[in-house]
Amino acid sequence: MHLHRFEKIWLMLGAGGLALFILLLCVNAFAMGMAPPSNMEMIDPAKVLETPPFDKPGLKQVGDQEYDAYMTAFAFGFSPTKMEVPVGSTVNFHVTSPDVIHGFQIPGTNVNFMVLPGHINSATYTFDQPGEYLIICNEYCGAGHQVMATTIIVK
Ligand code: CUA
């Protein structure tokens, strides 16, 4: 088969462009460790309940008006069951699951993420308004899904 010289050049440019595109895609997808920003840290999902700090979930004050909330989401509940922070507090939620995928949503805020077994999923929120904030699971996780909730009290 005879190809015109310009045809060959165009074919090579096309193939080269495609190869470059796939290469960039691979670099972006794998080499740079791309993952949803909330899923960067992992622990052994089978040992969640014995891995600090998730063995003793709770609030830890880390600044003047800042707290770390280490929580577990499990079938069917959250731990700790009740938390309380002063108005104006910034809370960094760190949540993981020992069993299946759960959701973590605080209605009325922008906190809404999936909780994957063994992944430490995080979100930060500043509670400027006093109130009782409901934390709910919004991923169907089994028979007790609809009762899976806890609260954080801001006052
Ligand atoms: Cu946990 Cu739905």
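Residues numbered from 1 in each chain as written. Predicted model: local features only at pLDDT ≥ 70, side-chain atom pairs only at ≥ 80, totals over all residues. Heavy atoms only, no water.

In the nomenclature of an unreviewed UniProt entry, the protein chain corresponds to Cytochrome aa3 subunit 2 from the organism Brevibacillus choshinensis. Per UniProt, the protein chain has the following entry under Subcellular location (unreviewed entry): "Cell envelope". Looking at the Function (unreviewed entry) heading of the UniProt record, one finds this comment for the protein chain: "Subunits I and II form the functional core of the enzyme complex. Electrons originating in cytochrome c are transferred via heme a and Cu(A) to the binuclear center formed by heme a3 and Cu(B)." (UniProt positions renumbered as here; feature names shortened; annotations may be inferred.)

Next up on the list: the pattern of salt bridges. Summed over all chains, the structure comprises two salt bridges. Note that Lys 47 and Asp 44 form a salt bridge whose closest N and O atoms lie 3.7 Å from each other. (Salt bridge = Lys/Arg side-chain N within 4 Å of Asp/Glu carboxyl O.)

A word on the domain arrangement of the protein chain. Each domain of the protein chain was delimited in the assignment, giving domain 1 (1-34) and domain 2 (41-154). Computed over C-alpha atoms, the centres of domain 1 and domain 2 are 45 Å apart. (Domains from an automatic or database assignment.)

Here we take up a nonpolar patch on the surface. A grouping of Phe 6, Ile 9, Trp 10 and Leu 13 is seen on the molecular surface, where their side chains present a nonpolar patch of about 480 Å² in accessible area. In this fold, Phe 6 is placed in helix H1 (residues 5-31). (Patch = residues over 30% accessible without salt bridge, like charges linked within 9 Å, V, L, I, M, F, W, Y side chains within 5 Å. Areas by Shrake-Rupley, 256 points an atom, 1.4 Å probe, with all protein chains shown as cover. Helix = DSSP H or I, 4+ residues; strand = E, 2+ residues; numbered from the N terminus.)

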